[in-house]
Number of protein chains: 2
Amino acid sequence: MPVADKMIEMIDKSSMIRKMFEEGAKLKAQHGTENVYDFSLGNPDVPPPPEFNKVLKDLVNDDNLNHGYTPSPGLPQVRKAVADFISSEHGVNLSPEMVIMTVGAAGALNNIFKALINPGDEILTPSPYFVGYNQYSFIAGAPLKTVATDPNFHLDPAAIEAAITENTRVMLINSPNNPTGVVYSAGELTQLADILNRSGSKFGRPIYLVSDEPYCKITYDVEVPSVFKAYSHSILINSYSKALSLAGERIGYLAVHPDAEEAPLVAGAAAVANTMYCVNAPSLIQQAIGKLQGVTVDVSIYRRRRDMLCAGLSEAGYEFNVPEGAFYLFPKSPIPDDMEFINRLKDELILAVPGTGFGAPGYFRLSYAVPDASITGSLAGFKRALERVQ
Amino acid sequence: MPVADKMIEMIDKSSMIRKMFEEGAKLKAQHGTENVYDFSLGNPDVPPPPEFNKVLKDLVNDDNLNHGYTPSPGLPQVRKAVADFISSEHGVNLSPEMVIMTVGAAGALNNIFKALINPGDEILTPSPYFVGYNQYSFIAGAPLKTVATDPNFHLDPAAIEAAITENTRVMLINSPNNPTGVVYSAGELTQLADILNRSGSKFGRPIYLVSDEPYCKITYDVEVPSVFKAYSHSILINSYSKALSLAGERIGYLAVHPDAEEAPLVAGAAAVANTMYCVNAPSLIQQAIGKLQGVTVDVSIYRRRRDMLCAGLSEAGYEFNVPEGAFYLFPKSPIPDDMEFINRLKDELILAVPGTGFGAPGYFRLSYAVPDASITGSLAGFKRALERVQ
């Protein structure tokens, strides 16, 4: 076998996802793209805000723009802009040295895991969880342990405390959550912090809370509470993939809480990991986002789609919680076998992702980062699919 | 210790490099930037070609430009453009599926090592070697073994054959070479291929030749011969960091020889690694380089500087080989202790990198990616430093 043994399993998993995409592409070729309702992708389709286009044009129209290496942790003025913004949002005094600019949130997660994880250490995450976490824990060489959430997909404190062991190095959370759309409340974060503090004392070393928040600006009637306010051994992961619809440009950051144990060493280790993985975050887009702190896409577009989809599916008889953030709906599958129900939806030319992929069999995920017409056009099909299995 | 044990050594090494930079920055603050001659950086300062600026502006002026995720291995039209260009340059018939667009050459190396390396496998590279290879082999979890080159820094076939063991999974070469400026000849590559074929048969599995060629378009009176023509189990690594002076934008690729053992599986595994490390190569710059195959910076600028520096140092009495490619000169240190000689140069406000960092004590590296004025201004200092140690 020419390929590394451990990669085979990852290749197989990735083949399953690719097969799903290929089947979708086949349907589109057969029936016409406009007749297939593709809710399977988390690729933001709302355009970047006009401020971004202006900043990018201004940068590019300067013929003296430098495209050379940036310092590996990021351009000083960009780190400062991000640190200042985090300081104002989280009520901390964060120095630029605690911020590392990264190749998206994926790069940030890989960096911080490489910085923190020793052989034998484990990552704990509430389930359902973003499928990419399997990959980043694979890269880190750490098992990804999961702990069930409550029936509304919120944190279950007792279950978390029971799941933490002496090997738990990182608690990884994602709020607003992909796939559930849940936003953890300030009270939940405080409870979680209590558990982590207690468990850290019990096992003799701090447990780092890694909070992955790429959807933090895509919320409806709620704000994402600050993890920095809740827990000192915390690391904030973010990207501009959704806030500015720049997913393909690969720009994000990690920020280490200034009061985390040996915070400068942790940030320094993450910066070294950043050098080793990718040298530096892309320069041009780094410069752009440095000038766009606090700017966000038009969230009302996602809200409109969420409301349309929720109204339609509710009327059809689906069960789900109305998402408070992100752009996903996570309904209960009307039959226990979510893989089977995905196929029933496919009969109606509707593409969705089975909950099994997120560690939650019996559910399915719909992304509403889709044109309004996909929603209105699909509702009859959703209704028929449900009726046929009842 | 909050940071992973294995990271401590990498942090220490990186601190040494940072300390060197900081000392340089201090000198510049003391004496004025224009009075310090900084030959320590491999950051291309020749501007990108005008074609790049035009293509980038055209892309950015389209307000409908999509910044969303690209397929992880790259945009189809970009992979095709790169595959077509490689096919014409290397005389192979390379399909786009064999090309993975990456976050620079660093991303490409991390991907291919993750794809190929099992625990116990080793990477072999001729020394002197690019310091980043320590990092990428660290990420791969594989020891980096080195084999000495001949006195002119060309490959030593007997030494290579003796150095290969049953654990050698990858032979990693870099031509034009950083730090030596050597370009391996077609004859050398053929000899190397013979050794790899023989050793592969002996140990019962192919040894992959990973050829890292980011400087392939920065050459003087020579062409870089094709590794694809020399050896079938080869993987080409390249970037646009130097060819288009886009080092900070992080765009490169890996290409698997179509006749390599299970080539599609190897390319597929590298694509999965790419997803896990960075999701996709930056979208905007991907699109730009797709339209710029075969375009290169003005190499005559590097040639002029090379010739100025060679003439000046030769006149001063330094010993070195005239580089055939890249933008580095690798002179012999006039005293055995290269670290000490670097300090003597610093007394003359000249910044250089000790050969020890490249596995070659007794030498030092000068980057001539610097303004002409740095060269002319520094020659008297080079002369004095040499005289003082003689």
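In this text, all values refer to a predicted model and were calculated from it rather than measured experimentally. (Residues numbered from 1 in each chain as written. Chains lettered and ligands numbered in written order. Predicted model: local features only at pLDDT ≥ 70, side-chain atom pairs only at ≥ 80, totals over all residues. Heavy atoms only, no water.)

The angle between the axes and the distance between the axes are what describe a pair of packed helices. Residues and elements named next belong to chain B. At a closest axis distance of 9 Å, the pairing of helix α4 (residues 104-116) and helix α5 (residues 132-140) adopts a crossing angle of 35 degrees. Handedness of the α4/α5 crossing: right-handed. Only Y133, Y136, I139 and A140 of α5 make contact with α4, whose side of the interface consists of A106, L109, N110 and F113. Split by residue class, the contact of α4 with α5 holds seven nonpolar, one polar and no charged. (Axes fitted to C-alpha atoms, helices over the stretch in contact; angles between N-to-C directions. Helix = DSSP H or I, 4+ residues; strand = E, 2+ residues; numbered from the N terminus. Left-handed = near helix turned anticlockwise from the far one by under 90°. Contact = heavy atoms within 4.5 Å. Nonpolar A, V, L, I, M, F, W, Y, C, P; charged D, E, K, R; others polar.)

Further remarks concern the domain arrangement of chain A. Interfaces are often sized by the amount of accessible area the parts lose when they come together. All names here are of chain A. By the assigned domains, chain A splits into domain 1 (5-48 + 298-389) and domain 2 (66-290). For domain 1 versus domain 2, the separation of C-alpha centres amounts to 27 Å. Contact residues are listed per partner, giving 29 residues for domain 1 and 32 residues for domain 2. A buried area of about 2400 Å², summed over both sides, lies between domain 1 and domain 2, and 61% of it is on carbon and sulfur atoms. Remark: the boundary between domain 1 and domain 2 carries one salt bridge. The salt bridge involving D221 is made with R303; its shortest N-O contact spans 3.1 Å. In this assembly, domain 1 and domain 2 are joined by 13 residue pairs in polar contact (both at pLDDT 80 or more). (Domains from an automatic or database assignment. Buried area = accessible area lost by both parts, 1.4 Å probe. Salt bridge = Lys/Arg side-chain N within 4 Å of Asp/Glu carboxyl O. Polar contact = N/O pair within 3.5 Å; in protein donor to acceptor, adjacent residues only side chain to side chain.)

A few words now on the pairing of strand β4 (residues 144-148) of chain A. Residue and element names in this part refer to chain A. Summarising the sheet, strand β3 (residues 122-127) and β4 pair through five bridges and their orientation is parallel. Looking across to β4, one finds that L124 is bridged to K145. Where the polypeptide runs from β3 across helix α5 (residues 132-140) and back to β4, its parallel neighbour, the crossover connection is right-handed. (Pairing = 2+ DSSP bridges. Right-handed = clockwise from strand over helix to strand, strands pointing away.)

With that out of the way, let us pick up the packing of aromatic side chains. Residues and elements named next belong to chain A. Per the counting criterion, the structure on display carries 31 aromatic pairs over all chains. Between Y215 and F327 the ring centres are 5.4 Å apart and the planes differ by 85 degrees, which places this aromatic pair in the edge-to-face class. Residue Y215 is found in the loop between β6 (208-212) and α8 (227-230), and its partner F327 is found in the loop between α11 (299-316) and β9 (328-329); the two are separated by 112 residues along the sequence. Here the two residues Y215 and F327 agree in accessibility, since each one is buried. (Phe/Tyr/Trp six-rings, centres within 6.5 Å; stacked < 30°, edge-to-face > 60°. Buried < 20%, exposed > 50% of the residue type's maximum accessible area, 1.4 Å probe, protein only.)

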